Amino acid sequence: STPIPYFEKSIQLDSNYVVGYQNLGTCYSKLGQLDKAIFYMNKAMLKDKKKNPNVLLTMAQVYNDKKDYVKADELIDRAKREFPLSDMPHILHSNFLIARGDTLNSVQQLSYAVDKNTANEQVYKYLIQYYYKKGNITEADRLRKILDKISANK
C-alpha cells in the first residue's frame, strides 16, 4: 500500500498542484522506478511558478539515485544559482559528495552552508568532528560556539 493513488487524485483535482507531482516523483524514486520519478519531477518543475528549491533538489536526488551524477550536479548548480541564499543545495551536494567518497569537497559544501547561516545542527556536528580529527581545534571550537547558540535558541 502506497500513497501514490492519493497523490494521483490530488493532481487530478488540481493539475497545477506542484507538491502532488513532487510527492509522486519521490514515491516512484523510493520504489526504484526512477524514470517515472523523473517524469513527475519534470512536471513539478514545469508547474512550479513560486520557484521552490525543493523541486530542483528532489529532482537532483532522483538523478543522483540513478547514478547520473552529471545531471544531478547540474541541477544542484542550478539550485545554487537560483537560490543563492539557501543552504539546502550545499547540504544536499555535500551528501552526494560524501557518498561518492569526496570528503574534501563535501566539507567545502558544508562550509558554504555555514556561510549561509544554516540552522542545520547536523552540518555543524559533522564539521566539528571533521576538524577535530584533522587537528584544526580552532575551527572546531568556532563551529561549536555557533552550534551552542543554535541549540540554545530552540
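Structure: see above.
First, a word on scope: everything that follows refers to the structure included in this document. All values reported here derive from a predicted model rather than from experimental measurement.

In this structure, Ser-10 sits in helix α1 (residues 4-13). Accessibility expressed as a relative area gives 16% for Ser-10, which makes it buried. Residues contacting Ser-10, with those up to four places away along its chain left out, are Tyr-17 and Gly-20.

So, about the nonpolar core. Core analysis: the largest hydrophobic core is formed by 28 residues, its most contacted members being Met-59 and Leu-75. The set of elements that each furnish at least two residues to this core consists of α1, α2 (18-30), α3 (34-47), α4 (53-65), α5 (69-82) and α6 (88-99). Residues in contact with Leu-75, not counting those within four places in the same chain, are Met-45, Leu-56, Met-59, Ala-60 and Tyr-63. Ile-91, Ala-113, Tyr-130 and Ile-150 belong to the second-largest nonpolar core, a separate cluster that totals 15 residues.

The subject of this paragraph is the environment of Asp-68. Residue placement: Asp-68 occurs in the loop between α4 and α5. With a relative accessible area of 30%, Asp-68 lands in the partly exposed category.

It is worth spelling out the pattern of salt bridges at this point. Should the charged atoms of two oppositely charged side chains come close, the side chains can pair. Scanning all chains against the criterion turns up five salt bridges. Between Lys-80 and Asp-77 there is a salt bridge whose closest N-O contact spans 4.0 Å. Here Lys-80 and its partner Asp-77 are both found in helix α5, three residues apart, which amounts to about one turn of the helix. Where Glu-82 meets Arg-78, a salt bridge forms, and the shortest distance between an N and an O atom there is 2.8 Å. Note that Glu-82 and Arg-78 are positioned in helix α5 at a spacing of four residues, about one turn of the helix. We classify Glu-82 as partly exposed; its relative accessible area is 37%. Note on Arg-78: relative accessible area 27%, which makes it partly exposed.

Here the focus is empty space enclosed by the protein. Enumeration according to the criterion identifies one cavity of 30 Å³ or more in this entry. Of the voids in this model, the largest cavity is the one considered here, and its volume is about 70 Å³. Met-45, Asp-48, Lys-51, Asn-52, Val-55, Leu-56, Arg-78, Glu-82 and Phe-83 are the residues that line the largest cavity. Going through the elements one at a time, α4 and α5 are the ones with two or more residues in the lining of the largest cavity. Residue classes in the lining of the largest cavity are distributed as four nonpolar, one polar and four charged.

Quick look at the environment of Thr-26 now. Examined against the element boundaries, Thr-26 turns out to sit in helix α2. Taking the relative accessible area as the measure of exposure, Thr-26 reaches 28% and is therefore partly exposed. A C-alpha to C-alpha distance of 9.8 Å links Thr-26 and Ile-4, two positions 22 residues apart in sequence. Not counting the four nearest positions on each side in its chain, Thr-26 is found in contact with Met-41 and Thr-58.

Right, let's get into the packing of α2 against α4. Relative to each other, α2 and α4 sit at 15 degrees, their axes nearing to 11 Å. Considered as vectors, α2 and α4 are oriented roughly parallel to each other. Note that α2 runs across α4; the crossing there is left-handed. Contact with α2, carried on its side by Val-18, Gln-22, Thr-26 and Ser-29, involves Asn-54, Val-55, Thr-58, Val-62 and Asp-65 of α4 and no other residues of that element. A class-by-class count of the residues in the contact of α2 with α4 yields three nonpolar, five polar and one charged.

Here is what the cut-offs are and how they apply
Residues numbered from 1 in each chain as written. Predicted model: local features only at pLDDT ≥ 70, side-chain atom pairs only at ≥ 80, totals over all residues. Heavy atoms only, no water. Helix = DSSP H or I, 4+ residues; strand = E, 2+ residues; numbered from the N terminus. Buried < 20%, exposed > 50% of the residue type's maximum accessible area, 1.4 Å probe, protein only. Contact = heavy atoms within 4.5 Å. Core = buried A, V, L, I, M, F, W, Y, C linked by side-chain atoms within 4.5 Å. Salt bridge = Lys/Arg side-chain N within 4 Å of Asp/Glu carboxyl O. 1 Å grid on protein atoms, 1.4 Å probe; cavity = no way out; pocket = protein on both sides within 12 Å on 5 of 7 lines; lining within 4 Å. Points joined across faces, edges and corners; volume = space filled by probe spheres on them. Nonpolar A, V, L, I, M, F, W, Y, C, P; charged D, E, K, R; others polar. Axes fitted to C-alpha atoms, helices over the stretch in contact; angles between N-to-C directions. Parallel < 35°, antiparallel > 145°, perpendicular 65-115°, else oblique. Left-handed = near helix turned anticlockwise from the far one by under 90°.

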